Amino acid sequence: MDVNAAVAAAAAIAGVLTGVIAMLAFRWSEREQRRPTRTSLHTDPVLPPGVDTVLSVLRSSAVVLDEADAVVKASSAAYALGLVRGGKLAVEPMLQMARDTRRDGEIRQVELDLPRRGTGRGEALAVSARVAPLGSRLVLLLVEDLTEARRIEAVRRDFVANVSHELKTPVGALSLLSEAVMDASDDPEAVQRFAGRMQIEATRLTNLVQELIDLSRVQNDDPLEDAEPVRVDELVAEAIDRCRHAAGTKQITMAAGGTADLFVHGNRGQLAAALGNLVENAVNYSPARTRVGIAARRVSAPGGDLIEIAVTDQGIGISDKDKERIFERFYRVDPARSRATGGTGLGLAIVKHVVASHGGEVTVWSAENQGSTFTLKLPEAGSSRDRARHRSDRSPLADHGDRRSSPHTSPYETLPAPEVLP
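Residues numbered from 1 in each chain as written. Predicted model: local features only at pLDDT ≥ 70, side-chain atom pairs only at ≥ 80, totals over all residues. Heavy atoms only, no water.

## Focus: the overall build of the protein
Helix and strand counts for the protein stand at 13 helices and 15 strands. For the protein, the residues scored as buried account for 38% of the 422 residues in total. Partitioning the contacts of the protein with sequence separation of at least 6, the portion at a separation of at least 24 is 64%. Accessible surface for the protein amounts to roughly 24000 Å². Of this, 53% is attributable to carbon and sulfur atoms. (Helix = DSSP H or I, 4+ residues; strand = E, 2+ residues; numbered from the N terminus. Buried < 20%, exposed > 50% of the residue type's maximum accessible area, 1.4 Å probe, protein only. Contact = heavy atoms within 4.5 Å. Areas by Shrake-Rupley, 256 points an atom, 1.4 Å probe, with all protein chains shown as cover.)

## Some remarks on helix α12 (residues 347–357)
Among all positions in α12, only G347, L348, A349, I350, V351, V354 and V355 are buried. Looking one or two residues beyond α12, the residue adopting positive phi is G359, at roughly 80°.

## Focus on the pattern of salt bridges
For the coordinates displayed, the defined rule picks out 16 salt bridges. Salt-bridge contacts for R99 lead to D69; the nearest nitrogen and oxygen are separated by 2.8 Å. Residue R99 is found in helix α5 (residues 92–104), and its partner D69 is found in the loop between β1 (61–65) and β2 (71–74); the two are separated by 30 residues along the sequence. Two residues, E111 and R150, come together in a salt bridge whose shortest N-O distance is 3.0 Å. Of this pair, E111 sits in strand β5 (residues 108–115) while R150 sits in helix α6 (residues 147–183), and the two are 39 residues apart along the sequence. For R150, a relative accessible area of 38% gives the class partly exposed. (Salt bridge = Lys/Arg side-chain N within 4 Å of Asp/Glu carboxyl O.)

## Section: the sheet that holds strand β7 (residues 138–145)
Strand order across the open sheet formed by five strands is β2-β1-β7-β6-β5, with antiparallel pairing between neighbours. Every interior strand has two partners, whereas the edge strands, β2 and β5, have only one. The mean angle between the axes of side-by-side strands here comes to 25°, regardless of whether they run parallel or antiparallel. Note that β1 and β2 share three bridges and pair antiparallel. (Pairing = 2+ DSSP bridges. Axes fitted to C-alpha atoms, helices over the stretch in contact; angles between N-to-C directions.)

## What about unusual backbone geometry?
A positive phi angle is found at D69, which is not glycine, with a value near 65°. Notably, Q251 is not glycine yet its phi reads approximately 55°, a positive angle. Within the secondary structure, Q251 is located in the loop between α8 (232–249) and β9 (253–258).

## Focus: the packing of helix α9 (residues 268–284) against α12
Two elements in contact, α9 and α12, have axes separated by 9 Å at closest approach and are oriented at 145°. The handedness of the crossing between α9 and α12 comes out as left-handed. Listed contacts from α12 to Q270, L271, A274, N277, L278 and N281 of α9 are G347, L348, I350, V351, V354 and S357. Class assignment for the residues of the contact of α9 with α12 results in seven nonpolar, five polar and no charged. (Left-handed = near helix turned anticlockwise from the far one by under 90°. Nonpolar A, V, L, I, M, F, W, Y, C, P; charged D, E, K, R; others polar.)

## With respect to the packing of α8 against α9
Interaxial distance between α8 and α9 falls to 8 Å at its minimum, and their mutual angle equals 40°. Classified by the interaxial angle, the pair formed by α8 and α9 is oblique. Relative to α9, the crossing made by α8 is right-handed. In contact with E234, L235, V236, E238, A239, R242, C243, A246 and A247 of α8, α9 contributes R268, L271, A272, A273, L275, G276, N277, V279, E280 and V283. (Parallel < 35°, antiparallel > 145°, perpendicular 65-115°, else oblique.)

Here it is in structure tokens:
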């Protein structure tokens, strides 16, 4: 009996011990599951509350790294820039910055030039990288693409340098001519000659300043704020009238034609300046006793009808290598001729900006020693009611009946022959 009681007591004690041990093991297991391990950090990291939402709306490229330099979170922009590849940060300088920040907790920032993905031309991306700790285990990397800002800054520097150079030439000439006038005060003929040169340089300086103002205005203003239906015939007549004296001096025939009663929608002053610049260039770069024609027509396009205004000359033409740059500020195909005609190199830049701001484009066809055709393509005024309101006004080009065919071959040879204006 005592033996049986002892065995039962021993069994009871063993059962209690087993239950206690099982309960302790269960609690220890739960605690270990709640505790973050190195493996869990890699596979299921947890961002601080709200960080994921903030990163999703940032314009900068964002990358979050864990303790093992694995990418926890990366924005689509970071992948597009090539910062993240295969779940790792692919830029070694940024990775080293992240490690240093994780070690001492200091915020770091640096500007880097990164190779551009997908190009073999060696072009670089300019970026600004900023690294900061995110909680106790994570590191946040923000990368801003500065490439476009750098390009704009370079364009601005070149523009300022070019303006300074262009202003220096007439200002320096005026200074020298004024000294020459003073030295030749007792020679009336010399004074008259130098004074004439001073007038030429003063005119060139005035034109340069005015075109700089015009270029600044067309770049900053929205022409469609004060837009109105503008009759193309009136723009053509105004451009021809602007260049009539220069054309008469060189015995250049000015002609206009094409489809009458066309309207475009936009700022009348800017459109007149753009077309006037094209006609003025055609006259300046054409030999004496040649012909400049302006023709307009309506063409169909998927987004709505377009009005094409073509300015054709029989001048020196433009080489293929110059066609890509003629719309750059201060670029001149023939610098010597530009100096002789007082050209500033800004006329075509103004044309490009005006047409672009009106939702159109400008194209050029040219062959050396054969001439050029510049074509403005602008959206037609959208309302037939707007056109009808102006239809009662007689076109300023309608009374000219002397028509001729142009010997110049261009993409516009199929247009109606331009009407010759006196």
